[in-house]
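Report on the structure
In case you want the letters, here they are:
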Amino acid sequence: MTTAANGNGHAHAAPDAGAADPAPKKPWSDNEEDPNSLRAIIRANFPTSIDDAFPFLKVARTMTRDDLKNDLVAGLTVAVMVIPQGMAYAALASLRPEIGLYSCILPILTYALVGSSRQLAVGPVAMVALLTTAGLSPIVDPNEDPDRYQQLASTLAFMVGVMQAGMGLLRLEFIARFLPHPVLSGFTSAAAIVIGSSQIKDVFKIKIGRSERFQEIMDDFVHNVHDTHGLTFAVAATSIVFLLGARHAKRRFKAIKMLPEALVLVVFYILVSKYAEFDDKGVRVIGKVPAGFPSPRGILTSELGQLVGPALTISIVGFLESFAVAKTIAEKEQYPISARRELIGLGAANLAGCFFKCMPVTGGVSRSA
């Protein structure tokens, strides 16, 4: 240490040229643990109580008889709705109908054990189904090798589960905030257009090439619309008119507000299809669905590298859609909800289902509301 004089003649101490710079100050003291260390992360994610590990136990202890009655009614309603929805979303993902039904059972049971939302219905949804077929179709044609395509869908569910659970355990839920709302809104709107246009071939029963571009779909439609199957189009058109009319009528007349119009329509056409023998008249029907639940089956570990992109997209977009629904309902019902816990719950749902022929799942709007 040397002494030097300043302009006023006062002496002050100057550091030696060879003195070492002081060590940077740590954000924690020596007797505290680094919050970013692996031990701290594991400790932060380790449940402090049985209620913390399984949130449904706390809810179950506070339920009244009226709550149980309402939950039973809601459960039966959703169970009835999910049958046609599950099969439809499986078809949208280019999978067999029973895959959609399998994906409506085990994932939601798993989510109910560890998720923080009390009303969120986890299962197949249109957005994730579209992303699934968009990610898997370039790898294998579902029409040429449906078994391998189904295994790829379950492998994709495995990767989505690992990514979502990993983001939750590592407290990376803030990543979702970097996706601007206009981008997500535009993506959702574009997906809705593609989803709607992709069903044109089934409404008119005409041949349209597989494509994710709206202009290509419409070009095929214009060239093949003359091959429309009349009875198929009549069934589709009357179904659409009935659903739109029922929705409008329920807004005007309170007496039919609780009418399950989708269920009425499905039951009606099941009976008509059976007794009018639609299959013999050229109308495509689902046919026989395998009974029972599938036995456990492994994933295609050799294909994991090709599925990183689709899995990451589904992980983030699926979480954003699911959390938006769960947060809206939680604010309405006035109970706390955790984004981290939602990521872990959705990840666990996908991991549980991937070994039982399930497709990627997330929280849905229609069934939850």
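Criteria and thresholds
Residues numbered from 1 in each chain as written. Predicted model: local features only at pLDDT ≥ 70, side-chain atom pairs only at ≥ 80, totals over all residues. Heavy atoms only, no water. Helix = DSSP H or I, 4+ residues; strand = E, 2+ residues; numbered from the N terminus. Contact = heavy atoms within 4.5 Å. Core = buried A, V, L, I, M, F, W, Y, C linked by side-chain atoms within 4.5 Å. Buried < 20%, exposed > 50% of the residue type's maximum accessible area, 1.4 Å probe, protein only. Salt bridge = Lys/Arg side-chain N within 4 Å of Asp/Glu carboxyl O. 1 Å grid on protein atoms, 1.4 Å probe; cavity = no way out; pocket = protein on both sides within 12 Å on 5 of 7 lines; lining within 4 Å. Points joined across faces, edges and corners; volume = space filled by probe spheres on them. Nonpolar A, V, L, I, M, F, W, Y, C, P; charged D, E, K, R; others polar. pLDDT = per-residue confidence, 0-100. Axes fitted to C-alpha atoms, helices over the stretch in contact; angles between N-to-C directions. Parallel < 35°, antiparallel > 145°, perpendicular 65-115°, else oblique. Left-handed = near helix turned anticlockwise from the far one by under 90°. Phe/Tyr/Trp six-rings, centres within 6.5 Å; stacked < 30°, edge-to-face > 60°.

**Notes on the side chain of Ser197**
By the element assignment, Ser197 lies in helix H9 (residues 181-198). Once residues lying within four places of it in the same chain are set aside, the contact partners of Ser197 are Phe214 and Ile217.

**Some remarks on the nonpolar core**
If you look at the biggest cluster of nonpolar residues, it comprises 31 residues, and the most contacted ones within it are Leu95, Leu136 and Leu156. Listed by contribution, the elements that provide at least two residues to this core are helix H4 (65-92), helix H5 (97-102), helix H7 (126-136), helix H8 (146-169), H9 and helix H14 (308-333). Take this core: its biggest share by element is 7 residues, from H8. Ranked by size, the runner-up nonpolar core spans 17 residues in total, among them Phe319, Val325, Ala330 and Leu343.

**Quick look at the pattern of salt bridges**
Counted by the stated rule, this structure contains 6 salt bridges. Here Arg96 ties to Asp147 by a salt bridge, and the two come within 3.4 Å at their closest N and O atoms. One end of the pair, Arg96, is in the loop between H4 and H5; the other, Asp147, is in helix H8, and 51 residues separate them in sequence. When salt bridges that share partners are traced, they join Arg96, Glu98 and Asp147 into one network.

**A few points about unusual backbone geometry**
Trans is the prevailing form of peptide bonds, just as negative phi is the prevailing case for residues other than glycine. The residue Arg171 is not glycine, and still its phi comes out positive at about 60 degrees. Mapping Arg171 onto the fold places it in the loop between H8 and H9. Backbone geometry at Glu277 places phi at a positive 55 degrees, although glycine is not the residue there.

**What about the layout of surface pockets?**
Estimated volume of the second largest pocket: approximately 390 Å³. Ala126, Met127, Thr188, Glu321 and Val365 are the residues nearest the centre of the second largest pocket, which is lined by 20 residues in total. If you list the elements that add at least two residues to the lining of the second largest pocket, you get H4, H7, H9, H14 and helix H16 (365-368). Among the residues making up the lining of the second largest pocket, the classes are represented as 14 nonpolar, 4 polar and 2 charged.

**Brief notes about the confidence of the model for the protein**
Counting all residues, the mean pLDDT for the protein is 81, and 83% of those residues have values of 70 or more. Within the protein, no element has a lower average pLDDT than strand E1 (residues 2-5), which sits at 50, and none a higher one than H8, at 93.

**Brief notes about the packing of helix H12 (residues 230-252) against helix H13 (residues 261-276)**
Where H12 meets H13, the closest approach of the two axes is 10 Å, and the angle between their N-to-C directions is 150 degrees. Here H13 runs roughly antiparallel to H12, going by the angle between their axes. The handedness of the crossing between H12 and H13 is right-handed. On H13, the residues that touch Val235, Thr238, Ser239, Phe242, Leu243, Ala246 and Lys250 of H12 are Glu261, Ala262, Val264, Leu265 and Tyr269.

**Some words on the packing of aromatic side chains**
Counted under the stated rule, the structure contains 7 aromatic pairs. Centroid distance Tyr102 to Phe293: 5.8 Å. Interplanar angle 70 degrees. Geometry classified as edge-to-face. With a gap of 191 residues between them, Tyr102 in helix H5 and Phe293 in the loop between H13 and H14 connect regions that are remote in the sequence. Taking relative accessible area as the criterion, Tyr102 reaches 8% and is therefore assigned buried. A ring pair is formed by Phe158 and Phe355, whose centres lie 6.2 Å apart and whose planes are at 65 degrees; its orientation type is edge-to-face. One end of the pair, Phe158, is in helix H8; the other, Phe355, is in the loop between helix H15 (339-353) and strand E4 (362-364), with 197 residues separating them in the sequence.

**Re the packing of H8 against H15**
Interaxial distance between H8 and H15 falls to 7 Å at its minimum, and their mutual angle equals 155 degrees. Here H15 runs roughly antiparallel to H8, going by the angle between their axes. When the axes of H8 and H15 are compared, the crossing they make is left-handed. When H8 is examined against H15, the residues Ala157, Phe158, Val160, Gly161, Val162, Gln164, Ala165, Met167, Gly168 and Leu169 are found in contact with a partner set consisting of Arg340, Leu343, Ile344, Leu346, Gly347, Asn350 and Leu351. Of the residues assigned to the contact of H8 with H15, the class counts are 11 nonpolar, 5 polar and 1 charged.

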